[in-house]
Structures are given as C-alpha cells and as structure tokens.
Amino acid sequence: HMIEQIPPSYTWGYNFISSPLTARISGYVIKIIPRYRGTTVTRHCNGMSEMQVMQDIPFDGLEIDISEQVYCCFRTSRPCAVAQFSKGQSVDDALKEISENIGDPAMVWLAPVGQFVNYVIFYTGFTSGASPDGFTFGEFANVIVPADSFNPQMIRLDGNLLQPNEREWTEIFCPPNNITACAYGRYVNLTGSEGKHNITHDNPSGRLTAIVYGWGNQKGYMYPAGFALDPIGEIIFSLFVETTRIGERSGPFVVTIIRAGDINVNATVDLQIQSASGLISGVSFATVGVANAPGVDIEERTVTVMFAAGETMKLESIEIFADNEEEGDEYFNVNLVQQPGFLLGSPSSEFLIIEDDSVFFDPVIYTPMEEQ
C-alpha cells in the first residue's frame with residue numbers, strides 16, 4: 001500500500017486533514033513521514049481542548065493512534081507526507097457485543113491542502129452492495145472543502161448538489177487557530193452505486209479533496225479520489241530578463257529572480273554574472289572581471305539573493321559601465337548557481353549581449369580668419 005501510493009517528495013505539503021471512516025468505530029492510525037530532520041508537527045482533532053505539539057519527529061515516520069472517528073488537522077514545520085490507515089475488523093469487533101463482519105486494514109494517502117483540486121473523478125465497484133462472497137459491502141466517500149472555498153450551493157456529486165444545507169456539513173478546526181473553522185467535511189454513502197462518479201466545485205477557483213473507501217467481510221480498500229502534483233514541497237528558483245540585448249549606455253539592467261514551490265521558509269540563491277567570451281568562437285577579452293576597464297562593460301561577480309518566508313520575487317540590478325572604446329558587442333551570462341536544498345527551474349540562465357553604441361570623432365580645432 002505505502003509504496004504504491006507515494007507521490008514525488010517535491011509534492012509533499014504542510015497542512016493535512018484526516019476524516020472519520022463511516023461504519024467503523026475504533027478510530028484510525030495516522031503516519032507522518034517528514035522530508036527533513038527536525039520537523040515539528042502540531043495536531044488538533046475536533047473535540048480536543050488543546051493542540052498537541054510533537055517536536056523533531058523521527059525521520060522514519062511518526063505514528064499516531066486516533067482512538068475515535070473524528071476529523072483531525074496536522075500542521076508541519078517542513079514538508080511531510082501523511083497516510084491514514086483503517087484498523088482491522090477484529091479491532092472493531094472487540095468493542096461490540098456482536099460481530100458485524102466488516103472491515104480490514106487499508107491505507108489512503110492524504111492530499112496536502114495545497115494540492116486540493118477543483119474536481120475529482122472516481123469509481124465504485126459493487127452494484128448490489130454485496131461482495132462476491134455474499135457479504136454486504138459498503139462504499140463511501142469523504143469530501144473536505146477549505147473554508148475559503150466552502151459554499152454548499154456550489155459543490156456537486158454527479159451533477160447534483162451534494163448537500164445544500166450548510167448545517168449538514170461538519171466544521172473542522174485546525175491549528176494554529178482553533179476558533180474559526182478552517183474546512184468543512186461531509187461523507188457520502190455510495191453503497192450500491194457501481195460505476196463512475198465525480199465531485200465538482202462550480203467555482204473554477206474552488207478547491208476540494210475526497211477519499212473513497214469500502215468495507216466487507218475482512219475486506220477493505222481506501223484511495224484518494226484525486227489531487228494535484230504541484231511542487232509545493234521543493235524550493236524552485238528561476239530567473240527572467242526582459243531583453244537579452246542591452247545598449248551600452250542604457251544604464252543598469254534588472255534580473256528578476258522568481259521563487260516557486262515551497263515558499264514557507266527562508267531561502268537564498270546565488271546569482272552569477274560572468275563573461276561568456278570562452279563560449280563564443282573568436283571572441284576574447286583580456287580584462288575580464290575588472291570593473292569599468294577598457295573593453296569591459298560589466299563586472300563579473302556573484303550576488304547572494306535572500307528570500308524571506310512568503311517572498312516569491314526579487315529584483316537584482318546589474319550596472320553597465322559605458323566607455324569610449326570602439327570594441328564591438330560583448331557577451332555575458334547571468335545564471336543561478338545550483339546548491340543543495342533547492343531546484344533550478346527554467347530558465348535558470350540567460351545569455352546577454354551588450355551592444356557597443358559609442359560613436360566618437362577625433363576633435364577638430366577650427367580657428368576663424370579675420371576676414372571671415
């Protein structure tokens with residue numbers, strides 16, 4: 001189960017919501033897998049009076065036994081992956097006087113809130129609600145909608161409003177603010193409705209997620225109905241220049257450094273400016289790296305660009321030194337330097353041409369004659 005459902009680590013996230021499993025009573029197990037050591041997890045389940053904070057969770061994962069069927073929120077300090085496991089049939093039976101012959105361990109990968117999508121498509125398998133061995137088989141879907149997307153008049157199951165009454169949805173409370181609902185949840189009974197289903201949000205910018213699951217006699221399955229695979233768990237840097245041909249007397253030019261993916265932490269990247277003379281046949285500069293030297297219109301250097309948490313764009317100004325030399329065009333690269341801890345997007349390097357636009361004439365001294 002675990003290996004089959006693990007998406008790339010650059011898609012892992014910071015905020016997760018687990019949901020109660022219909023027709024089960026013994027709770028469930030959560031496993032949190034950190035991408036980096038030193039990760040902190042804050043947990044809050046509906047009905048808890050306080051948040052629980054777990055520092056420096058094990059690198060091979062943290063297991064949490066949720067003893068009741070409740071909604072729980074998990075907020076992590078660094079990107080993580082979270083899986084929800086149902087407990088076995090015998091665990092439920094131990095809590096009841098009569099066995100209902102239902103359930104089996106199963107696992108579902110929980111989508112980070114940052115990977116919620118506008119719609120999901122999924123399938124259920126048993127038309128009659130019975131499995132091949134004759135036992136009743138129940139199938140369900142749990143739907144979660146973030147508070148900023150929640151409007152029960154816009155959320156549909158197979159084209160019909162899933163539940164238009166807001167009071168029939170459960171408020172979910174997440175850290176760090178456990179006073180205002182961060183999301184809303186609702187389960188759907190799909191028993192006996194074999195075939196293709198879809199859950200959609202009428203607002204194109206609305207987001208939701210869903211898990212699909214079912215129980216039979218010592219049988220169980222769970223899977224995510226769908227989620228995005230955006231690189232929210234990895235820092236990605238790229239750069240942008242408005243033009244690659246620059247006049248010698250046009251003044252400083254600006255390089256835009258863009259951060260995408262994980263923007264929740266501080267990050268730095270080096271921007272390198274260097275001559276491209278060695279890359280072009282027949283072009284050479286004897287004074288490369290000396291600011292404002294004859295024949296050189298730009299200074300070779302490396303700039304460390306610092307991003308605070310939440311920042312996505314920085315502008316770096318690079319000076320051009322005009323001179324009086326008739327020297328032809330000059331060629332330079334600006335590029336981001338790859339280092340551990342982030343990825344380089346596209347483009348991460350640009351080839352620049354500084355056009356020589358100097359036009360000078362030797363001075364001519366003219367002395368008028370008296371008769372003129």
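How each quantity is defined
- Residues numbered from 1 in each chain as written.
- Predicted model: local features only at pLDDT ≥ 70, side-chain atom pairs only at ≥ 80, totals over all residues.
- Heavy atoms only, no water.
- Pairing = 2+ DSSP bridges.
- Helix = DSSP H or I, 4+ residues; strand = E, 2+ residues; numbered from the N terminus.
- Disulfide = S-S within 2.5 Å.
- Buried < 20%, exposed > 50% of the residue type's maximum accessible area, 1.4 Å probe, protein only.
- Contact = heavy atoms within 4.5 Å.
- Core = buried A, V, L, I, M, F, W, Y, C linked by side-chain atoms within 4.5 Å.

Undergrad: How would you sum up the sheet that holds strand S11 (residues 160-161)? Please name residues and give values.
TA: Read across the open sheet, the four strands follow the order S8-S14-S10-S11; overall the sheet is antiparallel. Edge strands, defined here as strands with exactly one partner in the open sheet, are strand S8 (119-124) and S11. Across three bridges, the pairing between strand S10 (residues 155-157) and strand S14 (residues 195-201) is antiparallel. Bridge pairing links arginine 156 to threonine 200 in S14.

Undergrad: So, the state of the cysteines: which residues are in play, and what are the values?
TA: For the structure shown, the criterion picks out three disulfides. Covalent S-S linkage joins cysteine 73 and cysteine 174, the inter-sulfur distance amounting to 2.3 Å. With a gap of 101 residues between them, cysteine 73 in strand S6 (residues 72-86) and cysteine 174 in the loop between strand S12 (170-172) and strand S13 (183-189) connect regions that are remote in the sequence. A single burial state applies to cysteine 73 and to cysteine 174, both of which are buried. Paired through a disulfide, cysteine 174 and cysteine 182 show a sulfur-sulfur distance of 1.9 Å.

Undergrad: Hey, could you go over the pairing of strand S1 (residues 13-18) for me, with residue numbers and the actual values?
TA: Counting buried residues along S1, five of its six residues qualify, which places the element largely inside the surrounding structure. Two elements, S1 and S6, share five bridges in a ladder whose sense is antiparallel. Bridge assignment links glycine 13 to a residue of S6, and that residue is cysteine 80.

Undergrad: Could you give an account of the environment of leucine 229, naming the residues involved and the relevant values?
TA: Secondary-structure assignment places leucine 229 in the loop between strand S16 (219-224) and strand S17 (235-241). Between the C-alpha atom of leucine 229 and that of serine 9, which follows or precedes it by 220 residues, the distance is 9.9 Å. Look past the residues within four positions of leucine 229 in its chain and what remains in contact with it is Pro7, Pro8, Tyr10, Thr11 and Gln115.

Undergrad: Please provide a residue-by-residue account of the nonpolar core, values included.
TA: Ranked by size, the top nonpolar core spans 26 residues in total, and within it Ile30, Ile32, Ile64, Ile66 and Phe74 carry the most contacts. Broken down by secondary-structure element, the contributors of at least two residues to this core are strand S2 (28-34), strand S3 (41-45), strand S5 (62-66), S6, strand S7 (106-110) and strand S15 (209-216). Per-element accounting of this core gives the leading share, four residues, to S6. Sequence-distant contacts of isoleucine 32, that is, excluding residues within four places in its chain, are made with Val41, Ile57, Gly61, Leu62, Ile64, Phe74, Cys80, Ala81 and Val82.

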